[in-house]
Amino acid sequence: HGILHSFPTRRSSDLIAQLRKGLQQALTRAMVHGAPTAVTACATEAPAIAAGLAQRGVIVGRATRRPRNPANLAAGWQADALAQFEADAAAGRRLETQRFLRPLPGDRLGYAEPLVIQPLCLACHGVDVAPEVAAALAERYPDDRATGYQLGELRGVLWAELPARPQ
C-alpha cells in the first residue's frame, strides 16, 4: 500500500480531479445554451482540457467500452482498469472510492478512477435523450454508442499516465 500514498498517485489523483472539474465546468456552461450546445462543447473542450493538463511526461484522458468518440475506446491497461471497476460495481462497492494503479513499461505508471454518470450527464448519455440532442449526436458522431446510461452507472474511466518518478 506504500505506493498508493506516493508522489505519482497524489499527482495522478490531482490531475484526474482537474480533468473532472474542467469537464463539469465546460458542460455546465454549455448547458445554459441547451444540451445540443453541450455536445459541441464536449467534442472540442474535453480534448483541449486534457491537452492542457499534459506536462512533463504526463498524459490524461477518458476511456470507455461504449465510446462516443472512437478514440476513447478502452484498450490495454485502461480496459483492465475498467474491468476492475465493473467488478467493483458488480460486488456492490462504491465506485467513487475505487482507484486503479499499474506499473507500465518505461518506468511509467497508469492511474485510473471510475467515471460515473451524474445528473449533468443524462441529457446526452441517458436513456431518454431529447430529439434535438439525438440529432446533434447523429450529426457529429454517426457511430455513437454512449447513450442508454442511468444515474450512478459506470460510464468509463478517467486516466493518467505519468513517469513513476518526479521530473
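See the structure shown above.
The rules behind the values
Residues numbered from 1 in each chain as written. Predicted model: local features only at pLDDT ≥ 70, side-chain atom pairs only at ≥ 80, totals over all residues. Heavy atoms only, no water. Pairing = 2+ DSSP bridges. Helix = DSSP H or I, 4+ residues; strand = E, 2+ residues; numbered from the N terminus. Axes fitted to C-alpha atoms, helices over the stretch in contact; angles between N-to-C directions. Contact = heavy atoms within 4.5 Å. Buried < 20%, exposed > 50% of the residue type's maximum accessible area, 1.4 Å probe, protein only.

It is worth spelling out the sheet that holds strand β1 (residues 59-63) at this point. Hydrogen bonds between backbone atoms are what pair the strands of a sheet, whose relative direction is either parallel or antiparallel. Pairing in this open sheet of four strands is antiparallel, and the strands run β1-β4-β3-β2 from one edge to the other. Lying at the two open borders of the sheet, with one neighbouring strand each, are β1 and β2 (100-104). In this sheet, adjacent strand axes meet at a mean angle of 20° when their direction is disregarded. Pairing of β2 with strand β3 (residues 108-116) involves five bridges; the strand directions are antiparallel. Bridging from a neighbouring strand, L101 pairs with Y111 of β3. The strands that helix α3 (residues 76-90) touches are β1, β2, β3 and β4 (154-163); relative to β4, the one it contacts most, it runs at about 135°.

As for its position among the elements, R145 is in the loop between α5 (131-140) and β4. The exposure class assigned to R145 is partly exposed, which follows from its relative accessible area of 45%. Taking the C-alpha atoms as reference points, R145 and R66, separated by 79 residues in sequence, lie 5.0 Å from one another. Look past the residues within four positions of R145 in its chain and what remains in contact with it is R65, R66, P67 and L73.

Now for the pairing of β3. Summarising burial for β3: seven of the nine residues are buried, a large majority. The turn joining β2 and β3, which pair antiparallel and follow one another in sequence, is formed by three residues; a positive phi near 75° is taken by G106. Relative to β4, β3 is paired through nine bridges, and the arrangement is antiparallel. Of the residues in β4, the one forming a bridge with G110 is E161.

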